[in-house]
Amino acid sequence: MKQLYIKQKVFSLGGKFTVKDQQERDVYFVEGSFMQIPKTFSIMDTTREEIALITKRVFSFLPKFFVEVNGREVLTIKKEFSFFKARYTIDAAGVEVHGNWWDMDFQVLQHGKVVGKVSKEWFTWGDSYQVQILDEEMEGVIIAIVVAIDCVKADQAAASSAATM
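Below is a summary of the structure that appears in this document. (Residues numbered from 1 in each chain as written. Predicted model: local features only at pLDDT ≥ 70, side-chain atom pairs only at ≥ 80, totals over all residues. Heavy atoms only, no water.)

Looking only at helices and strands, one finds 1 helix and 12 strands in the protein. The helix and strand sequence of the protein, counted from the amino end, reads β-β-β-β-β-β-β-β-β-β-β-β-α. The contacts in the protein between residues at least 6 apart in sequence include a share of 30% that link residues at least 24 apart. When the accessible surface of the protein is totalled, it reaches about 9700 Å², and 54% of it is carbon and sulfur. (Helix = DSSP H or I, 4+ residues; strand = E, 2+ residues; numbered from the N terminus. Contact = heavy atoms within 4.5 Å. Areas by Shrake-Rupley, 256 points an atom, 1.4 Å probe, with all protein chains shown as cover.)

Next up, the structure:
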């Protein structure tokens, strides 16, 4: 089992943060596009090779986020029409997310087998997540799912604060 940690920088305009291992070494780099349409987040390995790309579709009635890993689309997160609380669904072939993914406490399953676990670290500055990788072949997908969910949450928070102004 491999443990990784994601600590998102609180005041980063472009959305830059790293994924670290237990020895606090950088394993992945995440960089968001700044003032660019469509909004994207690129996940790169230590050689700065892109392993995943998250794209927010701009011209759709409700927000949609597409996640590609190694050049192929693996899942979509989309907002459902709702009058009250925001609801999102995750569509992925062979991959399921079980648990409270809005609070970053969930398991990632592939064909019914748990391949990763995510839990939020409390009492930290900014959002920090502990990611347990149980199947290393799924590592890129799991990291992409965590970052994509975090992007959806940030987008929802921005939309909520804009609506109250």
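There is more to say after this.
By the secondary structure assignment, Q3 is in strand β1 (residues 2-8). Using a relative accessible area of 11% as the deciding quantity, one classes Q3 as buried. A distance of 3.1 Å separates polar atoms of two side chains, one belonging to Q3 and the other to Y5. Among the polar contacts listed, one links the side chain of Q3 to the side chain of Q132, at a separation of 2.9 Å. Each residue touching Q3, except ones within four places of it in the same chain, is listed here: K20, D21, Q22, Q130, V131 and Q132. (Buried < 20%, exposed > 50% of the residue type's maximum accessible area, 1.4 Å probe, protein only. Polar contact = N/O pair within 3.5 Å; in protein donor to acceptor, adjacent residues only side chain to side chain.)

Further remarks concern the pairing of strand β10 (residues 105-110). Across 6 bridges, the pairing between strand β9 (residues 95-100) and β10 is antiparallel. Directly across from N100, in β10, lies its bridge partner D105. Between β9 and β10, which pair antiparallel one after the other, the connecting turn spans 4 residues, and M104 there sits at a positive phi close to 60°. Two strands pair when backbone bridges link them, and β10 and strand β11 (residues 113-121) are joined in this way by 5 bridges, in the antiparallel orientation. From the neighbouring strand, L109 faces β11, where its bridge partner is V114. The turn linking β10 back onto β11 is made up of 2 residues, and H111 within it adopts a positive phi angle of 50°. (Pairing = 2+ DSSP bridges.)

Next up on the list: the pattern of salt bridges. The full count for this structure, using the stated rule, is 4 salt bridges. Put simply, K20 and D26 hold a salt bridge, and the shortest N to O gap is 2.5 Å. Of the residues examined, D26 reaches a relative accessible area of 32% and is grouped as partly exposed. (Salt bridge = Lys/Arg side-chain N within 4 Å of Asp/Glu carboxyl O.)

A word on the nonpolar core. Grouped burial of nonpolar side chains is what soluble globular proteins tend to show. Core analysis: the largest hydrophobic core is formed by 42 residues, its most contacted members being I43, I77, F106, V131, I143 and I145. For this core, the element with the highest residue contribution is helix α1 (residues 139-163), accounting for 11 residues. Residue contacts for I77: discarding those within four places in its chain leaves P63, K64, F65, Y88, T89, I90, W101, A148, I149 and V152. (Core = buried A, V, L, I, M, F, W, Y, C linked by side-chain atoms within 4.5 Å.)

Turning our attention to the environment of I90. Relative to the helices and strands, I90 is located in strand β8 (residues 87-92). Classification of I90 by relative accessible area gives partly exposed; the value is 21%. For I90 and I149, which are 59 residues apart along the polypeptide, the C-alpha to C-alpha distance reads 9.4 Å. I90 has contacts with L75, T76, I77, V97, W101 and I149, leaving out every residue within four places of it along the chain.

Note that all results are geometric; they support no functional claim without further evidence.
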